[in-house]
Amino acid sequence: MGQTRLWKSAARTLSATPGRIPASAPASRGHRLAPAPGGVGIPDQAYNRRSSSGSLLPGLFTCGGCWSRPHVLEDGGRATESVPAAVPTFADRVASLSRRLQDAEGDREETYRELERAVQDEDGRLPSAVLSRVIAAASRDVREAQGVTEDVRAAASDLLVALARCHFDSVMCELQSHLRVLGGISEDFVFVTLGKLASSYALRCVPFIGMTLFTLRAMLSRVGSSRTLRAVCSVLEQWPKAANSYLSRWEKCPIPRVGEAQFCSSVYPLFCHVVGSWLDCEEEEVKQAVLGAMAAMMGLLLHEEEHRERVWEQLPWLLGQYQQVQDTSWVTKGLRYFLEILGEVKIPVPKAKVQAIGTAVHSQLSDETKQHSGEHRSELRSCVLLLARVSLEDTVTFLGSQLGSKSEAARVVSLDLLRALVRPAERQPQPPRRQVARAVLRFTKELLGCSVQSCSAWELVAHVFARFSQASGRLAEGNLSEAEAQEEADLQALCLDILHSLDVSIKGMSKLLWPRLLQYVVPAQYTGTLVPLSRCLRELAERRESAEGEDGEEEPDAAAARDQARLPTPQALLARLLVSRALGKGSRGLKATGEVGAEPLREPGPAASGQEGACESESEPPLPRRDPAAVVAAAPHAGGGCGIAALRLLQALSTEIHGAVGMVWAVKIPFLLEHLAERSKSSLDSAEWEHLLLKFLRTSLETIESQAWTMAFSFELNQQAGSYCRLSREQAFLYKAVGVSLAACQHVPYVRGEIRKYLFQTNYLEASEREAMISVVAGSAESHFPLALEVVHEFGATMEERPVSGAFRRLKEYHQGKRAGTHTALVLAYGRMALCAPREQLLARVESDVVGPILRHYRASCQVLGFTFSTKSPRRPGAVVAPVCRALGLGSAPHRSFGPWRCEEPVIGAAVFLSAGTQDVQLKLALVRSVAEVSRAMQGAGGSQRAELCCKRELLSVLLGFVRAEPRDCLASPVRQEAFLAVGHLSKLKPSLSREESRDLLDQCLQSVMPLPALEPAEEEGVTAAGALHLRALHAQTMGALGELVTALLEEDLTSSWLVEMLHVLEYWLSSAREWERERALQACAQLLGAYEERFELTGENSFGLFGSTVGLLAPFVCDSLATSRQRAGACLGHLLRIQGKALETTAEEDEVQSLCQRLRAPDAEALLQASSRLSKIVCKYIPPAQAADFVSAALDGMLSARAACAQGAGEWLLAFLETCGGQLLMQVRGTPFPGLRPPRLSRCRAPRAPAAQCQSCSSPGDTDPPGSHPPDGSRGRGP
């Protein structure tokens, strides 16, 4: 009942459509309705209206239901209709032609053809009366066996097929009514017309498949003539094909879903009858018809597993028809259709069946006695490709076996088919490309593993390299899915496996393969093959060396291989092997050439943390994140030891590169390999390894002593560097190698020209080109320091003398970053040159020719049009800068924005107060790093005596200004950490700082980093996961830099009194009410005490008089509310214990103390109290009696803390001390009145006062403390 209502609803929907006959109307004259249960008829094309639920009624697939006969008018079908005088319409023309048929006027075949053309040219529907007359006439002629010619019947059949385009149901119902269930068999052309309908309207026939095949099944036993058999076979061929078409795209079909089982249950009885009765027919045309029907039914039955075994049983008959029929193209068409359906079904095919199909098709292609047409041969090749889609491995195995055939034609056909599998034509069916490649590679491996007698087989090696390069290129594109990327990686692994198993020991192969394999060393896309390639070439080199004394005629193949191969130059080999890379998953390092590359070296910039002040450089677009690849100069252990293989190959090719390096490399390369063997991938210092490689290169170039060779090598390095992605590790190393080659070159004009080329031709808006210029200029300064300074000074002078066409153009140029990029690059170049310069030359010119230009370029970069750019806003606002920005096309003046023109109160007066955003950060970083590099260079140049830098205080002032200018509410850039490192290096130069200056310097640095917000709340304010990770890394690096600064300041005055003063500065932050500030202060204390512990022997002190007071100060923090603070406090106590152990020449209980420090992270209060109690008992044992009062006084101060946990901890420590050392303290109290015993304590020292600059920028008037850092009791630090 539910399905009946569904059909009625569909009929009502169609009745509202213009031009459609209402479903509720009775079946009028000539209008046929498809039968449905309940007496509801479905008009034409009702299948196009797909219901939201339900399915076709099972009755559509049976022969049940009543069929109405055509209604004939009493006057014999003549309709008297008035024809208007207007232009005849489509219906009028059809009606006129139909009357000619009824009156038997003219040629009936021609009339049918005219009707067919009229129907095909129009899309409109015919009136029911006209349609009824046309269908009745055509149906009568189709069924008339006598008196009607074959041409007329064929024309009538074609007309019915044409009418079905718009009146499918009417035509189908007419034909169905003539399928006689009882009493004989239908006329031949009824079957022919049904076959044509299924061929032309496959999906529209689907609802009628069941009833048609059921009716046909009852007639098969009465088929007598071959003519009728061929007509029935046309139905048996086309209607299963219609079902297959529906099953392949049923999701896009509007009719309800019909299962495979329904179709197969209708076809299987017919299939069994054909197999049992019609396979042994003798007539050629009948064989062709049966063959087509069998192929179609076999393809449909593949969808059901229960029928597949029967299908495989009939496959030999289908293949055997190649020997039975005269026109074998019919067999090929049927086989191709069967293979197409087999590929769609995607079922496993027995290996024997693949062998049988391959043998049949291959024999047809290789049989020279059969003259197949070009179209037929193309069909046969398509069968092989379709077979490869179904079972690729077995197909390739079969073709490989045919290569050993005695027939030359068979071998040629096999090679041709293998080539077609690798590179299928556009119009041929293409098997999965990666599966084909994998199968061909496995076949190649088997072929190369055989005892090959012909040198031509080694051409397959080139295919292996090409396939590896293609897979690398697709991985480098980065647009593959995870599964596709894994397939490409598997192909690469298979290529490497083939190359690893390559046997080069066959006689004659050394001369043949040497030039062929050598040409794969330099191209970067083959770098992943360097390990097996190195092995093959080293073996070949040994064979060539052992065969040098043998005389023999060179083989023609070897001579041809040497002539055809494009051998790399010695310079190209050396450059390539020094920078060889291994495969990195998903990484890209070459310019759109399909090769894999390295992780880019990003220029430091603001943190992408999502906080205010974090911004990206507009001149450098963000690069995608990539996995690091292996570079010999950076990661030689990666990629299966690609760097190690490159070094070994370099040693084997020493005679090919230059004869002079053999002896040197015999010593140097084993040293490098030993260096790698002693270090794992994680323990290898990449910077140290890169330095060793560059030093090896410098030694090699000096050994060669050929200026022409060195200049050619420099040119080759430039060429190879251009093929890599910008900012990649390979490119960076190559430019450093260019600098080394210029340093080794003694041809001064050439060196000058190269330095000028890099200075004047660099695009300073590109970070990669700036870095290249710096590396080349700095490297050349190692031997040509005066020359490099001269050329750089010349370039800087041309910048100042450059004519400017207008003020606004110059300001706009600054906005675009061109001037800032140039000055920044020069600032960095001077610092890098100082690092590479000879010591004596550096000290003689550092003040005037290095530091002076650095400051000059920095100041010049901060000026535009004579106005100075400042990062602060003035106290008195002036004219707004918006008109200037609009005049420059920069938009309106931004206010408190993230962009490169960020400003708070933009005004124009005596100065333009703007912030340069990212350019400002990059400039600061450049100056800071350059100062650090100059300081490091001077420390190394000074030897045992400290070098002197007269402008030291000026540089310190600039660096501290950077530190003070950093925002206190976010960590947006690495300026702080870089400034801390630079200050540390600079402080080691003369003139030395006084204690007050050092104390103030430390105080300012602490006030810059301690008040920063906690990381956890910052990460919750809309920051991405990557931004949060970057922020954490930046914070850790900043605190590490602070530790290095603390260590450097301690080394300036390695005494306990200076240690006390540094602890005084930190004590202010230990009393902060904010737990993250206390944690950072404890971390700094741990770094300070750790540095003092390492250098305690250098102090010359026999005792550590600060042990008691320092323990009393830090011990309460083992009970702090923050777990990391408790661990920091435990680390401080560990350092103090070890210092005391060194002073007392005893061994502290380090293992137990370390274990207790780990337990301080416990969240359980009871466990924490136990760990603290045990730690207190251990530490208190080492407090000398003379320092007992200092400890007690400091502990009592800790008990006064408003933080309950710390106060309780101080009390616990005081009780533990009294239990452990109470007797000693009692003796001391009896000997000296206790109230008077109040020596100076660490906690009683004056807290540091914030400098005036800090007060102006961060505090309100009269407030001298950093905001939020007040102790909990409201005091500003405890005074004496």
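Residues numbered from 1 in each chain as written. Predicted model: local features only at pLDDT ≥ 70, side-chain atom pairs only at ≥ 80, totals over all residues. Heavy atoms only, no water.

### Quick notes on the overall build of the protein
As a reminder of what qualifies: To qualify as a helix, a DSSP run of H or I must reach at least 4 residues; to qualify as a strand, a run of E must reach at least 2; elements of each kind are numbered from the N terminus. Each residue is assigned to one of three classes by its accessible area relative to the maximum for its type, calculated with a 1.4 Å probe on protein chains only: buried under 20%, partly exposed between the two thresholds, exposed over 50%. In this description, contact between two residues means that some pair of their heavy atoms is separated by no more than 4.5 Å. Here, Shrake-Rupley sampling with a 1.4 Å probe gives the accessible areas, and only protein chains in the shown set may cover a residue.
Helices and strands together make up the secondary structure of the protein, namely 51 helices and four strands. Looking at the protein as a whole, 54% of its 1280 residues are labelled buried. For the protein, restricting intrachain contacts to residue pairs at least 6 apart in sequence, the fraction spanning at least 24 positions comes to 78%. Accessible surface computed for the protein: about 56,000 Å², of which carbon and sulfur atoms make up 51%.

### Considerations on the environment of E730
Turning to its location among the elements, E730 is positioned in helix α29 (residues 729–744). Between the alpha carbons of E730 and V579 there is a distance of 6.1 Å; along the sequence they are 151 residues apart.

### Notes on the packing of aromatic side chains
What counts, and what does not: Whether two aromatic rings pair depends on their centres lying within 6.5 Å, for rings of Phe, Tyr and Trp, where Trp uses its six-membered ring; planes under 30 degrees apart make the pair stacked, over 60 edge-to-face, and the rest tilted.
Evaluated as defined, the whole model comprises 18 aromatic pairs. Centre to centre, the rings of W312 and F338 are 6.2 Å apart; their planes meet at 90°, and the pair counts as edge-to-face. One end of the pair, W312, is in helix α11 (residues 305–320); the other, F338, is in helix α12 (residues 329–345), with 26 residues separating them in the sequence. The same class applies to W312 and to F338, which are both buried. Here the aromatic rings of F760 and F795 are separated by 5.0 Å at their centres, their planes lie at 85°, and the arrangement is edge-to-face. Here F760, found in helix α30 (residues 748–761), pairs with F795, found in helix α31 (residues 767–801); they are 35 residues apart in sequence, far enough to count as distant.

### So, the pattern of salt bridges
Rules: Salt bridges are defined as contacts in which a side-chain nitrogen from Lys or Arg sits within 4 Å of a carboxyl oxygen from Asp or Glu.
Using the criterion set out here, one finds 40 salt bridges in the structure. For R698, the salt bridge identified is with E702, shortest N-O distance 2.8 Å. Note that R698 and E702 are positioned in helix α27 (residues 686–704) at a spacing of four residues, about one turn of the helix. For E702, a relative accessible area of 42% puts it in the partly exposed group. Its salt-bridge partner being E933, residue R832 comes within 3.6 Å of it at the nearest N-O pair.

### Quick notes on the packing of helix α39 (residues 995–1009) against helix α41 (residues 1025–1052)
Cut-off, in case you're wondering: Axis lines are fitted to C-alpha atoms, over the contacting stretch for helices. Their N-to-C directions set the angle, which ranges from 0 to 180 degrees. For classification purposes, angles smaller than 35 degrees are called roughly parallel, those larger than 145 roughly antiparallel, those between 65 and 115 roughly perpendicular, and all remaining angles oblique. Under the scheme applied here, ten amino acids are nonpolar (Ala, Val, Leu, Ile, Met, Phe, Trp, Tyr, Cys and Pro), four are charged (Asp, Glu, Lys and Arg), and all others, including Gly, are polar.
Relative orientation of the contacting elements α39 and α41 amounts to 170°, with a least axis distance of 11 Å. Classified by the interaxial angle, the pair formed by α39 and α41 is roughly antiparallel. Residues S998, L1001, L1002, C1005, L1006 and V1009 of α39 touch α41, and the partners they reach there are T1038, M1039, L1042, L1045, V1046 and L1049. For the contact of α39 with α41, the class distribution of residues is ten nonpolar, two polar and no charged.

### Points about the packing of helix α2 (residues 90–102) against helix α3 (residues 108–121)
Two quantities define a packed helix pair, namely the angle between the axes and the distance from one axis to the other. Applied cut-off: Throughout, a crossing is termed right-handed when the near helix is turned clockwise from the far one, and left-handed when it is turned anticlockwise from it by less than a right angle.
At a minimum axis distance of 10 Å, the contact between α2 and α3 shows a crossing angle of 165°. When the axes of α2 and α3 are compared, the pair comes out roughly antiparallel. By crossing handedness, the relation of α2 to α3 is classed as left-handed. Contacts between α2 and α3 involve F90, V94, L97, R100 and L101 on the former and, on the latter, R108, T111, Y112, E114, L115, A118 and V119.

### Description of the nonpolar core
Our working rule: Throughout, nonpolar core names a set of buried Ala, Val, Leu, Ile, Met, Phe, Trp, Tyr and Cys residues whose side chains join them through atoms within 4.5 Å.
In terms of nonpolar packing, the biggest core is built from 216 residues, with L759 and W1213 touching the most fellow members. Top contributing element to this core by residue count: α31, with 14 residues. When sequence neighbours within four positions are dropped, the list of residues in contact with W1213 reads V1111, A1115, V1118, L1133, S1172, L1175, S1176, V1179, C1180 and F1191.

### Description of helix α48 (residues 1165–1180)
Going by this rule: A helix's residues, less one, multiplied by 1.5 Å, set its expected span.
Along its 16 residues, α48 runs 22 Å from first to last C-alpha, staying within 8% of the 22 Å computed at 1.5 Å per residue. Looking at α48, one finds that the buried residues are L1168, A1171, S1172, L1175, S1176, I1178, V1179 and C1180.

### Some thoughts on the confidence of the model for the protein
Stated formally: Every residue is assigned a pLDDT by the predictor, reflecting its confidence on a scale from 0 to 100.
Scored by pLDDT, the protein comes out at a mean of 75, with 72% of its residues at no less than 70. Between the elements of the protein, mean pLDDT differs from a low of 29, seen in strand β4 (residues 907–908), to a high of 95, seen in α30. In this model residues 1–85 is a low-confidence stretch, pLDDT under 50, and it forms 120 contacts with partners more than four residues away in sequence or in other chains. For residues 592–631, every residue scores under 50 in pLDDT, and the model assigns this stretch 137 contacts once sequence neighbours within four places are set aside.

### So, the side chain of N244
For N244, the location among the structural elements is in helix α8 (residues 226–248). A residue is classified by how much of its surface remains accessible, and N244, at 2% relative accessible area, is buried.

### A look at the environment of P207
In this fold, P207 is placed in the loop between α6 (188–200) and α7 (209–219). Along the chain, P207 and I255 lie 48 residues apart, while their C-alpha atoms are 8.5 Å from each other.

### Thoughts on helix α4 (residues 128–143)
Taking 1.5 Å as the rise per residue, α4 with 16 residues should run 22 Å; its terminal C-alpha atoms sit 22 Å apart, in good agreement. The element α4 is extensively covered by neighbouring structure, given that twelve of its 16 residues are classed as buried.

### Side note on the environment of L159
By the secondary structure assignment, L159 is in helix α5 (residues 150–177). Classification of L159 as buried rests on a relative accessible area of 0%. Separated by 34 residues in sequence, L159 and T193 place their C-alpha atoms 9.6 Å apart. Leave out the neighbours within four places in its chain, and L159 touches Y112, L115, E116, V119, V134 and A138.

### Quick word on unusual backbone geometry
Residues K990 and P991 are joined by a peptide bond in cis, for which omega reads -5°. On the secondary structure map, P991 appears in the loop between α38 (975–986) and α39. Phi is positive for K346, close to 60°, though the residue is something other than glycine. Locating K346 in the fold gives a position in the loop between α12 and α13 (351–366). Residue class for K346 comes out exposed when judged on its relative accessible area of 71%. Of note, E705 is a non-glycine position whose phi angle comes to about 55°, a positive value.

### Notes on the side chain of R1080
Stated formally: His is not counted, nor are the chain ends, whereas Lys and Arg count as positive and Asp and Glu as negative. Each polar contact in these results corresponds to two N or O atoms within 3.5 Å; when the atoms are within protein, one needs to be able to donate a hydrogen and the other to accept it, and residues that are neighboring in sequence are counted only if both atoms are side-chain atoms.
Here R1080 is to be found in helix α43 (residues 1075–1094). An unpaired buried charge is present at R1080: no salt bridge exists, and E1079, the closest side chain of opposite charge, is 5.0 Å distant. Only 2.9 Å separates the side chain of R1080 from the backbone oxygen of M1010, close enough to count as a polar contact. The residues touching R1080, leaving out its near neighbours within four places in the chain, are V1009, M1010, P1011, L1012, P1013, A1014, H1035 and M1039.

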